[in-house]
Amino acid sequence: MLSDVTDLLACPQCRAEVELDGGAIVCASGHRFDVARQGYVSLTAGTAVKFEGDSADMIAARAQFLSAGHYDPFVHSVATAVGERGGQPRVLEVGAGTGHYLAGVLDHCPGSRGLGLDVSKYAARRIAKSHPRTGAVVADVWAQLPVRDGVISDVLCVFAPRNAAESARVLEPGGHLTVLTPTDRHLVELIDVLGMVNVDERKVERLDASTSDYFAPATRTEVEFAMELTRSDVAQLVGMGPSARHFGPGELAAKVADMPALSTVTASAIVSSYERA
Ligand SMILES: C[S@@+](CC[C@H](N)C(=O)[O-])C[C@H]1O[C@@H](n2cnc3c(N)ncnc32)[C@H](O)[C@@H]1O
Ligand SMILES: [Zn+2]
């Protein structure tokens, strides 16, 4: 709930500490941000947010696909990376989607708390319900994050945009940034058949370069496994990702209908942890 993480938040207008006052997050200067009835709060500085984030349909597809457990080895690997340092982590997930990974981390780490941030309000609604120790915030990862300096022990970024400078600012000394990036084998069986978008995020070298001003590499684990997916699993998998925007109505369903009843599909990613320098 938001009350679990209010002490980690900062006013997006003036950077001051905030508190929960009835149905709103407020700062000492009187800036006020209403908590939506679904339990999340939008903490944006008032300027129009440039990125709309994932749609309701994409988030619904993601929720279904993840709750079926297809990506559980990824969740386990991220949770292990955060949990192996012990303590009671204060975890910020940027681009948290449905909050599924954050919930996995919190379940793995007793006494931990989670702040799930996403620019999509459809995501924030899910995040708010994803775990009792998670608070949900709508914010843009490319703007200054509505989080206090040095209060977070772990920033998590899973298949999502990352802002290294802001991650470093909100992390405590010795805090860690943990990033899951797909390798070029990820979903390889589907990319050609379905004409999926090839995400240009795959290079770990690119990740190292974008973090090197603020972070030192700590650990790196490769996770690769085979999934047995039905046609409806495949439709959800495509529907939850960037390729969803590139198909016309009915186009994806038609392509999926031509596939076998069960497809073996590779899931492949690298989980990299960086320590705040
Ligand atoms: C591919 S999804 C990954 C979601 C989640 N981490 C997962 O793996 O299930 C990317 C997420 O980043 C969010 N996102 C995209 N641009 C963003 C931005 N500028 N600021 C915050 N979130 C953003 C999207 O709304 C979406 O939920
Ligand atoms: Zn303020």
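Check the entry above for the structure.
Bear in mind the structure is a predicted one, so any value in this text is a computation, not a measurement.

Rules of the game
Residues numbered from 1 in each chain as written. Chains lettered and ligands numbered in written order. Predicted model: local features only at pLDDT ≥ 70, side-chain atom pairs only at ≥ 80, totals over all residues. Heavy atoms only, no water. Pairing = 2+ DSSP bridges. Helix = DSSP H or I, 4+ residues; strand = E, 2+ residues; numbered from the N terminus. Axes fitted to C-alpha atoms, helices over the stretch in contact; angles between N-to-C directions. Parallel < 35°, antiparallel > 145°, perpendicular 65-115°, else oblique. Left-handed = near helix turned anticlockwise from the far one by under 90°. Contact = heavy atoms within 4.5 Å. Nonpolar A, V, L, I, M, F, W, Y, C, P; charged D, E, K, R; others polar. Buried < 20%, exposed > 50% of the residue type's maximum accessible area, 1.4 Å probe, protein only. Right-handed = clockwise from strand over helix to strand, strands pointing away. Disulfide = S-S within 2.5 Å. Salt bridge = Lys/Arg side-chain N within 4 Å of Asp/Glu carboxyl O. Near = heavy atom within 4 Å. Polar contact = N/O pair within 3.5 Å; in protein donor to acceptor, adjacent residues only side chain to side chain. Areas by Shrake-Rupley, 256 points an atom, 1.4 Å probe, with all protein chains shown as cover.

1. Digging into the sheet that holds strand E3 (residues 32-34)
No. 1: As summarised here, the arrangement of the three strands in space is E1-E2-E3, forming an open sheet in which the pairing is antiparallel. Unpaired on one side and paired on the other, strand E1 (18-21) and E3 mark the two borders of the sheet. In this sheet, neighbouring strand axes are inclined to one another by 25 degrees on average, regardless of whether the strands run parallel or antiparallel.
No. 2: For E1 and strand E2 (residues 24-27), the ladder comprises four bridges, and the chain directions are antiparallel. Counted as the bridge partner of Val18 is Cys27 from E2.

2. Structural notes on the packing of helix H2 (residues 56-67) against helix H9 (residues 231-239)
No. 1: For the pair H2 and H9, the least separation of the axes is 8 Å and the interaxial angle reads 130 degrees. Comparing their axes, H9 and H2 come out oblique. For the element pair H2 and H9, the recorded crossing hand is left-handed. Contacts between H2 and H9 involve Met58, Ala61, Gln64 and Phe65 on the former and, on the latter, Asp233, Gln236, Leu237 and Gly239.
No. 2: Of the residues that constitute the contact of H2 with H9, the class distribution is four nonpolar, three polar and one charged.

3. Notes on the pairing of strand E8 (residues 152-158)
If a strand is regular, its side chains alternate between the two faces of the sheet.
No. 1: Of all seven residues making up E8, seven are buried, and the element is well covered by its neighbours.
No. 2: Both strand E5 (residues 90-94) and E8 contribute to a ladder of four bridges, which runs parallel. From the neighbouring strand, Leu92 faces E8, where its bridge partner is Val155.
No. 3: One crossover worth recording links E8 to the parallel strand E9 (residues 171-182) by way of helix H6 (residues 164-170), and it is right-handed.

4. A few points about the state of the cysteines
No. 1: Applying the stated criterion to the full structure yields zero disulfides.
No. 2: Between Cys109, a cysteine without a disulfide, and Cys157, which holds the nearest cysteine sulfur, the sulfur-to-sulfur distance is 18 Å.
No. 3: Exposure remark for Cys109: the relative accessible area of 4% places this residue in the buried category.

5. Remarks on the pattern of salt bridges
No. 1: A complete count under the given rule lists 10 salt bridges for this structure.
No. 2: With a shortest N-O distance of 2.7 Å, Arg169 and Asp149 are connected by a salt bridge. Taken together, the positions of Arg169 in helix H6 and Asp149 in the loop between strand E7 (134-138) and E8 put the pair 20 residues apart, joining distant regions of the chain.
No. 3: Since its relative accessible area comes to 19%, Arg169 is described here as buried.
No. 4: One salt bridge connects Arg220 with Asp208, and the closest N-O pair in it is separated by 2.8 Å. Of this pair, Arg220 sits in strand E10 (residues 215-230) while Asp208 sits in helix H8 (residues 204-211), placing them 12 residues apart in sequence.
No. 5: Look at Arg220 and you get partly exposed, because its relative accessible area is 39%.
No. 6: What makes Asp208 partly exposed here is its relative accessible area of 25%.
No. 7: Shared partners join several salt bridges into a network, and the residues in it are Asp149, Glu166 and Arg169.

6. Considering the site of ligand 1
No. 1: Every one of the 20 residues lining ligand 1 counts as a neighbour, but Asp54, Asp118, Asp140, Val141 and Val158 are closest to it.
No. 2: A distance of 2.8 Å separates an oxygen atom of ligand 1 from a polar atom in the backbone of Asp54.
No. 3: Interatomic distance of 2.9 Å between a side-chain N/O atom of Arg62 and an oxygen atom of ligand 1.
No. 4: For ligand 1, whose free accessible area comes to 600 Å², the fraction covered by protein is 92%.
No. 5: A breakdown of the residues in the shell around ligand 1 according to their chemical character gives 11 nonpolar, four polar and five charged.

7. Comments concerning the side chain of Thr211
No. 1: With respect to the helices and strands, Thr211 occurs in helix H8.
No. 2: If near-sequence neighbours (up to four positions away) are discounted, Thr211 is found in contact with Ala164, Leu177 and Tyr274.

8. Thoughts on the packing of H2 against helix H5 (residues 121-130)
No. 1: One way to put it is that H2 packs onto H5 with a least axis distance of 8 Å and a crossing angle of 35 degrees. In this structure, H2 contributes Ala56, Ile59, Ala60 and Ala63 to the contact, and H5 contributes Tyr122, Ala123 and Arg126.
No. 2: Here the contact of H2 with H5 is composed, by residue class, of six nonpolar, no polar and one charged.

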